[in-house]
Amino acid sequence: MDTYKLPRVGETAPAFTARSTNGTVNFPADFAGRWAILYVYIGDFQPGCTTDILALSDAAPRLRAYNTEVMAMSPDSIAAHIAWIFSLRNQNKGNNIGVDLISDRSLDVAKLYGVTNVGDDLTKLEKMAIIVDADGVVQAVHKIPHAVGINTTELERELLSLQTARYQFAMTPSGWTPGEDIIEFPPQTVATAGNNISEKTANGSRCIDWYLCYRQDSGLRRASKTSQVEAQRDKPE
């Protein structure tokens, strides 16, 4: 019996080599130093998947501005992918499709990523979106029912939230969008907790309680000397 294991957040993304509409892909090695979004879908020429790929293609330029590449994968052949791309271009006012399509005919990659995206039972078909960071580590995994379209707005928001947390060494609150205040990591000792509000306030943070302080989003979304400095500031003991 085939085993499908869902990758866990914090683990190195399962590596694979596969053919795509832009040549051979070695994942995640080809994207070292960049973030990546891998979208696993049910199949070409499917109504829901068509809207998903068009939405991802529209989002791709914005994602690349955040040092992030997006690609999609299904069990279809390269020939089917190419035929579908021409159809998608027609639906996209003749514009190119900005998403590389990967062929997983053997389902070996699907097994690596724990997605069962083939079969006759529509209730068991699923899609998946995986966010992998610049170090090749899984940061988010989402399984999506076949009848539900992907939300690229939320996917982009989550990506930016993850990058903000990484490079500003902070957390983002519920419903956060770029530009809104972010959350400081809480103190880890009684001594630091006692002085937290006064110290944070003096440094420009807005404190609700000793464990909940907000600071301004600096807009930093990628590795830099500044991010390395901020990563040491207020680091949990």
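Scope of this entry: the structure provided in the associated data block.

Parameters at a glance
- Residues numbered from 1 in each chain as written.
- Predicted model: local features only at pLDDT ≥ 70, side-chain atom pairs only at ≥ 80, totals over all residues.
- Heavy atoms only, no water.
- Disulfide = S-S within 2.5 Å.
- Pairing = 2+ DSSP bridges.
- Helix = DSSP H or I, 4+ residues; strand = E, 2+ residues; numbered from the N terminus.
- Expected span 1.5 Å × (residues − 1).
- Bend = angle between axes of the 7 residues up to and from the residue.
- Buried < 20%, exposed > 50% of the residue type's maximum accessible area, 1.4 Å probe, protein only.
- Contact = heavy atoms within 4.5 Å.
- Axes fitted to C-alpha atoms, helices over the stretch in contact; angles between N-to-C directions.
- Parallel < 35°, antiparallel > 145°, perpendicular 65-115°, else oblique.
- Nonpolar A, V, L, I, M, F, W, Y, C, P; charged D, E, K, R; others polar.
- Patch = residues over 30% accessible without salt bridge, like charges linked within 9 Å, V, L, I, M, F, W, Y side chains within 5 Å.
- Areas by Shrake-Rupley, 256 points an atom, 1.4 Å probe, with all protein chains shown as cover.
- Salt bridge = Lys/Arg side-chain N within 4 Å of Asp/Glu carboxyl O.
- Phe/Tyr/Trp six-rings, centres within 6.5 Å; stacked < 30°, edge-to-face > 60°.

1. Digging into the state of the cysteines
Step number 1: Under the criterion given, the structure shown has 1 disulfide.
Step number 2: Two residues, Cys 207 and Cys 213, share a disulfide whose sulfurs are 2.1 Å apart. Between Cys 207 and Cys 213, the S-S dihedral sits near 105 degrees, and the bridge is therefore right-handed.

2. Considerations on the sheet that holds strand β8 (residues 182-183)
Step number 1: Here 3 strands make up an open sheet; going across it, the order is β8-β10-β9 and the pairing antiparallel. The sheet is open, and its two edges are formed by β8 and β9 (206-209), each paired on a single side.

3. Some points on helix α1 (residues 47-65)
Step number 1: The terminal C-alpha atoms of α1 lie 29 Å apart, and with 19 residues this matches the ideal 27 Å at 1.5 Å per residue to within 8%.
Step number 2: Taking the largest bend as the criterion, α1 deviates by roughly 40 degrees, centred on Ala 59, and proline Pro 61 comes between one and four positions later.
Step number 3: Of all the positions in α1, only Cys 49, Thr 50, Asp 52, Ile 53, Leu 56, Ser 57, Ala 59, Ala 60 and Leu 63 are classed as buried.
Step number 4: Next to the buried residues of α1 lie β3 (35-40), β4 (68-74), α2 (78-91), β5 (100-103), β6 (126-132) and α4 (152-168).
Step number 5: Looking one or two residues beyond α1, the residue adopting positive phi is Asn 67, at roughly 60 degrees.

4. Quick notes on α4
Step number 1: The end-to-end C-alpha distance of α4, which contains 17 residues, comes to 23 Å, matching closely the 24 Å that a straight helix rising 1.5 Å per residue would cover.
Step number 2: Backbone geometry just downstream of α4 places Phe 169 in the positive-phi region, at approximately 45 degrees.

5. Description of the packing of α1 against α2
Each packed pair of helices is defined by two parameters, the angle between the axes and the distance between the axes.
Step number 1: Closest axis-to-axis distance for the α1/α2 pair is 11 Å, and the angle between their directions is 70 degrees. Relative to α2, α1 is oriented roughly perpendicular. Where α1 abuts α2, its residues Cys 49, Thr 50, Ile 53 and Leu 54 lie against Trp 84, Leu 88 and Gln 91.
Step number 2: For the contact of α1 with α2, the per-class residue count stands at 5 nonpolar, 2 polar and no charged.

6. Some points on a nonpolar patch on the surface
Step number 1: On the surface, a nonpolar cluster with roughly 300 Å² of combined accessible area is contributed by Ile 197, Trp 210 and Tyr 211.
Step number 2: On the secondary structure map, Tyr 211 appears in the loop between β9 and β10 (212-215).
Step number 3: The exposure class assigned to Tyr 211 is partly exposed, which follows from its relative accessible area of 46%.

7. Regarding the packing of aromatic side chains
Step number 1: All chains considered together, the criterion is met by 9 aromatic pairs.
Step number 2: For the ring pair Phe 45 and Trp 84, a centre distance of 6.3 Å and an interplane angle of 50 degrees mean the geometry is tilted. Residue Phe 45 is located in the loop between β3 and α1, and its partner Trp 84 is located in helix α2; the two are separated by 39 residues in the primary sequence.
Step number 3: With a relative accessible area of 49%, Phe 45 lands in the partly exposed category.
Step number 4: Look at Phe 169 and Phe 185: their rings are 4.8 Å apart centre to centre, the planes differ by 50 degrees, and that puts the pair in the tilted class.

8. Digging into the pattern of salt bridges
Step number 1: A complete count under the given rule lists 12 salt bridges for this structure.
Step number 2: As a salt-bridge pair, Glu 69 and Arg 34 come within 3.5 Å of each other at their nearest N and O atoms. Here Arg 34 lies in the loop between β2 (23-27) and β3 and Glu 69 lies in strand β4, a separation of 35 residues in the sequence.
Step number 3: Looking at Glu 69, the relative accessible area reads 18%, which means it is buried.
Step number 4: With a shortest N-O distance of 3.0 Å, Glu 156 and Arg 62 are connected by a salt bridge. Of the two residues, Glu 156 is situated in helix α4 and Arg 62 in helix α1; the sequence distance between them amounts to 94 residues.
Step number 5: For Arg 62, a relative accessible area of 35% puts it in the partly exposed group.
Step number 6: In the salt-bridge network here, residues are joined through shared partners; they are Arg 34, Arg 64 and Glu 69.

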